[in-house]
Amino acid sequence: MKNILAFAGSNSSDSINKQLATYAADLVADVKVTVLDLNDFDLPIYSKDLEAKSGIPENAKKFHQHIEKADGLVVSLAENNAAYSAVFKNLFDWMSRYEQKTFLGKPMLLMATSPGGRGGASVLAMAAERFPRHDANVVAEFSLPLFNDKFSDGKIVDEDFNEKLKKAVQLFQNSL
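Below is a summary of the structure that appears in this document.

### Concerning the overall build of the protein
From N to C terminus, the protein includes seven helices and nine strands. Taken over the C-alpha trace, the protein has a radius of gyration of 15 Å; the compact-globule value for 176 residues is 16 Å, and the two agree within 12%. Along the first, second and third principal axes, the C-alpha set of the protein runs to 50 × 35 × 25 Å. Counting all 176 residues of the protein, 45% fall into the buried class. With the model as given, the accessible surface of the protein reaches about 8,500 Å², and the carbon-plus-sulfur share is 46%. Taking the average place of the 20 positive charges on the side chains of the protein and the average place of its 23 negative ones, the gap between the two points comes to 5 Å.

### Here's the deal with helix H4 (residues 86–98)
Helix length check: H4, at 13 residues, gives a terminal C-alpha distance of 19 Å against a target of 18 Å (1.5 Å per residue), a fit within 8%. Within the span of H4, buried status applies to Phe 88, Asn 90, Leu 91, Phe 92, Trp 94, Met 95 and Ser 96.

### Some points on the sheet that holds strand E1 (residues 2–9)
With respect to topology, five strands assemble into an open sheet ordered E2-E1-E3-E6-E7, the strand pairing being parallel. Only two strands of the sheet have a single neighbouring strand rather than two, namely strand E2 (31–36) and strand E7 (137–144). Strand-to-strand, the axes of this sheet are offset by a mean angle of 20°, without reference to chain direction. Two elements, strand E6 (residues 107–113) and E7, share seven bridges in a ladder whose sense is parallel. Across the sheet, the residue bridging to Leu 109 is Ala 140, located in E7. Set on the sheet, helix H1 (residues 16–26) makes contact with E1, E2, strand E3 (72–77), E6 and E7; between it and E6 the angle comes to about 140°.

### Quick notes on unusual backbone geometry
Residue Asp 135 is not a glycine yet carries a positive backbone phi of 65°. Positionally, Asp 135 belongs in the loop between helix H5 (121–130) and E7. Located in the positive-phi region is Asp 153, a residue other than glycine, with phi close to 55°. As for its position among the elements, Asp 153 is in the loop between strand E8 (151–152) and strand E9 (155–156).

### Regarding the pairing of E6
With seven of seven residues buried, E6 lies mostly within the body of the structure. Going residue by residue along E6, you find Pro 107, Leu 109, Met 111 and Thr 113 tucked away on one face and Met 108, Leu 110 and Ala 112 tucked away on the opposite face as well. Sheet topology places E3 next to E6; five bridges connect them, and they run parallel. Each residue of the ladder has a partner; that of Val 75, found in E6, is Leu 110. Where the polypeptide runs from E6 across H5 and back to E7, its parallel neighbour, the crossover connection is right-handed.

### A word on the packing of aromatic side chains
What the rule picks out here adds up to 14 aromatic pairs. Ring geometry for Tyr 84 versus Phe 88: centroids 5.5 Å apart, planes at 55°, classification tilted. Phe 88 sits in the buried class, given a relative accessible area of 1%. Where Phe 147 meets Phe 151, the ring centres are 4.7 Å apart and the plane angle is 20°; that geometry is what we call stacked. An identical accessibility class is assigned to Phe 147 and Phe 151; each is buried. Through successive ring pairs, a cluster of aromatic residues spans Phe 7, Phe 41, Phe 63, Tyr 84, Phe 88, Phe 92, Phe 103 and Phe 131. Here the guanidinium or amino end of Lys 164 rests over the ring plane of Phe 161, the centre of that ring lying 4.6 Å away.

### Notes on helix H3 (residues 58–69)
The end-to-end C-alpha distance of H3 is 17 Å, a good match for the 16 Å that 12 residues give at a rise of 1.5 Å each. Considered for burial, the residues of H3 that qualify are Asn 59, Ala 60, Phe 63, His 64 and Ile 67. Looking down the long axis of H3, one finds its buried residues gathered within 135° of arc, a one-sided arrangement. Lining the buried residues of H3 we find E1, E2, E3 and H4.

Conventions and cut-offs
Residues numbered from 1 in each chain as written. Predicted model: local features only at pLDDT ≥ 70, side-chain atom pairs only at ≥ 80, totals over all residues. Heavy atoms only, no water. Helix = DSSP H or I, 4+ residues; strand = E, 2+ residues; numbered from the N terminus. Rg over C-alpha atoms; globule rule 2.2 N^0.38 Å. Buried < 20%, exposed > 50% of the residue type's maximum accessible area, 1.4 Å probe, protein only. Areas by Shrake-Rupley, 256 points an atom, 1.4 Å probe, with all protein chains shown as cover. Lys, Arg positive; Asp, Glu negative; His and termini not counted. Charge placed at Lys NZ, Arg CZ, Asp CG, Glu CD. Expected span 1.5 Å × (residues − 1). Pairing = 2+ DSSP bridges. Axes fitted to C-alpha atoms, helices over the stretch in contact; angles between N-to-C directions. Contact = heavy atoms within 4.5 Å. Right-handed = clockwise from strand over helix to strand, strands pointing away. Phe/Tyr/Trp six-rings, centres within 6.5 Å; stacked < 30°, edge-to-face > 60°. Lys NZ or Arg CZ within 6 Å of the ring centre and 35° of its normal. Arc of directions from axis to C-beta.

Interpretation note: all reported values are geometric properties and have no functional meaning in isolation.
Right, here's the structure in full:
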């Protein structure tokens, strides 16, 4: 059985991106899903001086080990000021120092959502451009705008967007 790793680029206790990542991962058939919470991987702010003094923190290594074990990645990024959240950027910085090819060529369903009408479009575009340089195999992308109107009770309630997600999930599943 294939293993899917799902996580949100957020440390919010009620992360809408974690809700979307979990929902999308659960749509993938015949896989084991592991959902990670960035709050369980506390890290100091990256600096080259800290890295030289203390090395790579264990939590960065542990998170990356989850990527190593996975057959595919379902990632939904929070957007803060049109960019990655600070917690995700920090984790990404540490992991890229541990392993330059951070995503190890694993198939990735890359997503974003927000309460606004752009659905995290800026961070999604940023990640779609950047992640392949770290060996991400982005096989499908999905953006959900107006999260509070389109997602309820653990699922997308807007049929058009739900169908778009299912098509993205199918592309992802076919790549596993």
